[in-house]
Amino acid sequence: MTQAVLTLNAGSSSLKVALFPAQGDTPLASGLVDSIGPNGTNRLRRSDGTPLAAAGGDLGTHVGALRTVLGSLRAEWPDLSLLAVGHRVVHGGPKFAAPTLIDDALLAQLEGFAPFAPLHQPHNLAGIRSAREAFAQVPQVACFDTAYHRNHPWVNDAFALPRALYDEGVRRYGFHGLSYEYVSGVLLRDAPQLAEGKVVVAHLGNGASMCAIQAGRSVASTMGFSALDGLPMGTRCGQLDPGVLLYLMDQRQMSAADISDLLYKRSGLLGLSGLSNDMRTLEAAGTPEAAQAIDYFVFRCQREVGAMAAALGGIDALVFCGGIGENSSLIRARICERLAWMGIEIDHARNAQHATVVSSDLARTTVMVVPTNEELVIARAARSAVGLDQLKENT
Ligand code: ADP
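Before going into details, it helps to say that this report is about the structure given with it.

So, how was this worked out
Residues numbered from 1 in each chain as written. Predicted model: local features only at pLDDT ≥ 70, side-chain atom pairs only at ≥ 80, totals over all residues. Heavy atoms only, no water. Near = heavy atom within 4 Å. Polar contact = N/O pair within 3.5 Å; in protein donor to acceptor, adjacent residues only side chain to side chain. Areas by Shrake-Rupley, 256 points an atom, 1.4 Å probe, with all protein chains shown as cover. Helix = DSSP H or I, 4+ residues; strand = E, 2+ residues; numbered from the N terminus. Nonpolar A, V, L, I, M, F, W, Y, C, P; charged D, E, K, R; others polar. Phe/Tyr/Trp six-rings, centres within 6.5 Å; stacked < 30°, edge-to-face > 60°. Buried < 20%, exposed > 50% of the residue type's maximum accessible area, 1.4 Å probe, protein only. Pairing = 2+ DSSP bridges. Contact = heavy atoms within 4.5 Å. Axes fitted to C-alpha atoms, helices over the stretch in contact; angles between N-to-C directions.

1. Considering the site of the ligand
Here's step 1: Surrounding the ligand, one finds 13 residues, the nearest of these being Asn206, Asp278, Met279, Arg280 and Gly323.
Here's step 2: One nitrogen or oxygen atom from the main chain of Asn206 is found 3.0 Å from an oxygen atom belonging to the ligand.
Here's step 3: Ile324 places a polar main-chain atom, nitrogen or oxygen, 3.3 Å from an oxygen atom of the ligand.
Here's step 4: Considered on its own, the ligand offers 580 Å² of accessible surface; in the complex 69% of this is hidden by protein.
Here's step 5: Secondary-structure elements contributing two or more residues to the shell around the ligand are helix H10 (279-285) and helix H12 (322-327).
Here's step 6: Taken together, the residues of the shell around the ligand break down into two nonpolar, eight polar and three charged.

2. Quick look at the packing of aromatic side chains
Here's step 1: In this structure the tally under the stated criterion is seven aromatic pairs.
Here's step 2: Aromatic side chains Phe113 and Phe116 sit 6.3 Å apart centroid to centroid with 10° between the ring planes, which places their arrangement in the stacked category. Each member of the pair, Phe113 as well as Phe116, carries the same accessibility label: buried.
Here's step 3: Between Phe116 and Phe225, the ring centres sit 5.6 Å apart and the planes meet at 70°, which makes this aromatic pair edge-to-face. On the criterion of sequence distance, the pair formed by Phe116 in the loop between helix H2 (104-112) and helix H3 (121-134) and Phe225 in the loop between strand E10 (217-221) and helix H7 (242-252) is long-range, its members being 109 residues apart.
Here's step 4: For Phe116, a relative accessible area of 14% puts it in the buried group.

3. Brief notes about the sheet that holds strand E2 (residues 15-21)
Here's step 1: Spatial strand order, E4-E3-E2-E1-E5-E7-E6: seven strands in an open sheet with mixed pairing. Only two strands of the sheet have a single partner each, and these edge strands are strand E4 (41-46) and strand E6 (100-101).
Here's step 2: Pairing of E6 with strand E7 (residues 140-144), which is carried by two bridges, proceeds in the antiparallel orientation. Paired with Thr100 across the bridge in E7 is Ala142.
Here's step 3: Helix-sheet contacts for helix H1 (residues 62-76) involve strand E1 (2-10), E2, strand E3 (29-34), E4 and strand E5 (80-89), and the interaxial angle to E4 is about 35°.
Here's step 4: Of the strands in this sheet, E1, E5 and E7 touch H3, which is tilted by about 165° from E5.

Laid out in structure tokens, this is it:
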């Protein structure tokens, strides 16, 4: 029998899927159902890269997509036994600091956090509902992007607003927590001395943030109440003076929906370059606007490394992850260029090779590249929820 756990990350029109064996870090299969709707596509692959036989089925809805995924997996592994399903959930509110088994009461609580993340939480919850419908007997676990940051000191949790708003949940939550948890785990395994120290992790992908981590615990994050704050991103603005919002409302009569569209979908690298949200395209473009978009991204990253180091009172390591952090030697080198005062000195040959350690041997601060793996963090949580990790320890 093929015993496995499934991880799901449901977006507005996509479903990211990975099937992990009961033990081990390599998924049996992973991929994406994209463009859920009339033009849905099923792009699931085995770990060796071969496409899974696409099962016929309805890709018009999330539940249809899930059933189709299950059809593909069962065609490949007819003896598949699903032990647990782990879900990525963007928001666990002020309360949830760890993965949590899903039941009706939890779902109702998570619905209550939807106003904090209106563009993401409803889709995550739709994914959970679909999975509960498709695999009614299988335990399901919610893994929160906010959970890793829940023990921030109060000064990094609050805004300087009247306290009633804090009590209502207007706080600096921080996101990308599954990625930071993964990177922390790798450091603990491979560089335990650094893991004990002061580490700034830069998750630079389409979404981008940094996290200040001390002895494995998040102390501060560049993202705050929403996934808009901090670094500029593919299409999101990053840090913004709230006065700009007042101006847009007062002088441009923009509604909340207009502003949301502007800040989430039309800003960041796309807005600045007028060309693309994709760093590869900008690196290749050679237009003055693309160059300025990159300059802005690099400058804000440099500032925030400084801010995160200040939150920690020092820095022992800077770790890059995410699509840009893992793959762009140019952006890594440019960010590090002006950080020599923090003991950061990159070794260009190592950086060009995307080595694990890309700093020079004499540098006071270690710079590393650690490919992140949020799916594995979810799979481990799903295993743990059904006692599979204890099974491993006992045998
Ligand atoms: P998401 O946040 O959606 O998971 P990723 O972590 O996959 O996104 O990051 C996507 C970003 O990574 C894009 O801006 C893409 O251009 C960038 N990227 C991927 N590979 C490279 C590369 N070789 N050079 C520069 N940027 C890259």
